[in-house]
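Coordinates in review
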Amino acid sequence: MTWCARLEVFGTTTRTMHATTAASRLRASPARLLLLGGSRAARRASSRRAATSTPVRAAAPSVPSVYGSPGSRTQIVEWLALELDVPIKSVTLNRAVMASPEYRAVHPFGKIPGCKAEDGTGIFESGAIMLYVADLAGSLPTPEARGAAAAWVIWANATMWPALETSRGKCDMQGLFGPVEDILGRSDWLLGDELSVADVAVGAYVKYGQLFFRMDISKFPNLSKYMAAIESRDAFKKTVGGG
Ligand SMILES: N[C@@H](CCC(=O)N[C@@H](CS)C(=O)NCC(=O)O)C(=O)O
């Protein structure tokens, strides 16, 4: 089983993390409504706001929509958003919507997760969406901070996970995790004293390696301690850990 297996069973729903708790189910022809305007309730609230408030750009909160499905990589993005306190609107898609031209405007390949920024910009690839969320949180204040974080996000997505997936967790574990073990011997988190987007990317794929391939990390005490710290976090439990 992969973590994408549950995709088939979900319909099309929205829920807002942080900003509001309103959830709605869209029925007939959802793709256009969903991707262009969000839920009816959200649009009604938005037109009420427009009618009663001065249209000052800074006053309008920017809430990106993240399209996906429970039990998929979408939950890595949701975990990060919770950790960094970035409000996002989580929208669960079904396969019909994923194949629609409207969704292809957000994600050209029709995969999940996809993200539509409040200004309409489409962002795809979970790693790119994570870096966007990290930027929205103001957690990557310099090009150097962004580069250092992007290195781990790209390593997790393009090196670590493909190595685990193609070998079903039987690759050269020392080559893969030895350097991570050394870094975690010097600091609690990959980029210092605080959890960052780097830890969410790496921690999620280590967890998936354990879940899907019974990957054993007991030879790496620092990595094991790090994963225990990750698994104790509420945001992790509500997202990747609960999926
Ligand atoms: N590298 C992409 C992978 C995207 C991907 O393959 N997503 C899966 C779900 S986890 C998907 O959309 N599967 C449905 C399909 O392939 O039709 C990312 O990290 O966003």
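Everything quoted here is computed from the prediction, not taken from an experiment. All residue numbers refer to positions counted from 1 along the written sequence of the respective chain. Reporting of local features is limited, given that this is a predicted model, to residues whose pLDDT is at least 70; pairs of side-chain atoms are given and counted only at 80 or more, and all residues count toward the totals for whole chains, interfaces and linings. Only hydrogens and water are set aside; all other atoms, that is, all heavy atoms of the structure, feed into the side-chain values.

1. A look at the packing of aromatic side chains
- The pairing test for Phe, Tyr and Trp rings, Trp by its six-membered ring, is centres within 6.5 Å, and the orientation test on the planes gives stacked under 30 degrees, edge-to-face over 60, and tilted for anything in between. Inspection of every chain in the model, using the stated rule, returns 12 aromatic pairs.
- Judged by centre distance (5.5 Å) and plane angle (25°), the ring pair of Trp161 and Phe213 falls under stacked. Linking Trp161 in helix α7 (residues 143-167) with Phe213 in helix α9 (residues 197-213), this pair joins segments that are 52 residues apart in sequence.
- On the numbers, 5.6 Å between centres and 15° between planes, the contact of Tyr208 with Phe212 is stacked. Of the two residues, Tyr208 and Phe212 both sit in helix α9, four residues apart, roughly one turn of that helix.
- A relative accessible area of 3% means that Tyr208 is categorised as buried.
- Ring-pair connections join several aromatic residues into one group, and the members of that group are Trp161, Tyr205, Tyr208, Phe212 and Phe213. Strands are runs of DSSP state E lasting at least 2 residues, helices are runs of H or I lasting at least 4, and numbering of each runs from the N terminus. With a 1.4 Å probe rolled over the protein chains alone, any residue whose accessible area is under 20% of its type maximum counts as buried; one over 50% counts as exposed, and the rest are partly exposed.

2. Here's the deal with the confidence of the model for the protein chain
- Summary of the metric used: pLDDT quantifies the predictor's per-residue confidence within the range 0 to 100. Looking at the protein chain, the pLDDT average stands at 84 and 76% of residues meet or exceed 70.
- Here, two residues are considered to be in contact whenever any of their heavy atoms come within 4.5 Å of each other. Low confidence marks residues 19-29, where pLDDT is under 50. Its contacts with residues over four positions away, or in another chain, come to 17 contacts.
- Of the regions scoring below 50 in pLDDT, residues 37-59 engages in 11 contacts with residues more than four places distant in sequence or in other chains.

3. Re helix α3 (residues 74-84)
- With 10 of 11 residues buried, α3 is to be regarded as a mostly interior element.
- Taken as a whole, α3 has its buried residues at Thr74, Gln75, Ile76, Val77, Glu78, Trp79, Leu80, Ala81, Glu83 and Leu84.
- Looking one or two residues beyond α3, the residue adopting positive phi is Asp85, at roughly 60°.

4. As for the nonpolar core
- Counting 58 residues, the largest nonpolar core has Met160, Phe177, Leu190, Val197, Val202, Leu223 and Tyr226 as the members making the most contacts within it.
- Mapped onto this core, the elements with two or more residues apiece are α3, α6 (126-136), α7, α8 (173-186), α9, α10 (221-231) and α11 (234-238).
- The leading source of residues in this core is α9, at 11 residues.
- Each of two domains, domain 1 (5-136) and domain 2 (143-242), supplies a minimum of three residues to this core.
- With eight residues, the next largest nonpolar core counts Tyr67, Leu93, Val97 and Ile112 among its residues. As used in this record, nonpolar core signifies buried Ala, Val, Leu, Ile, Met, Phe, Trp, Tyr and Cys residues forming a set joined through side-chain atoms within 4.5 Å. What counts as a domain boundary in this text is fixed by an automatic or database domain assignment.

5. Considerations on the packing of α6 against α9
- The axes are straight lines fitted to the C-alpha atoms, using for helices just the contacting stretch, and the angles between their N-to-C directions are given from 0 to 180°. Close contact between α6 and α9 brings their axes to 10 Å; oriented N to C, the two are set at 150°. Read as a crossing pair, α6 and α9 show a hand that is right-handed. Mapping the contact onto sequence places Ser126, Met130, Leu131 and Ala134 in α6 and Val197, Val200, Ala201 and Tyr205 in α9. The sense of a crossing depends on the near helix, which, turned anticlockwise from the far helix by less than a right angle, makes the crossing left-handed and, turned clockwise, makes it right-handed.

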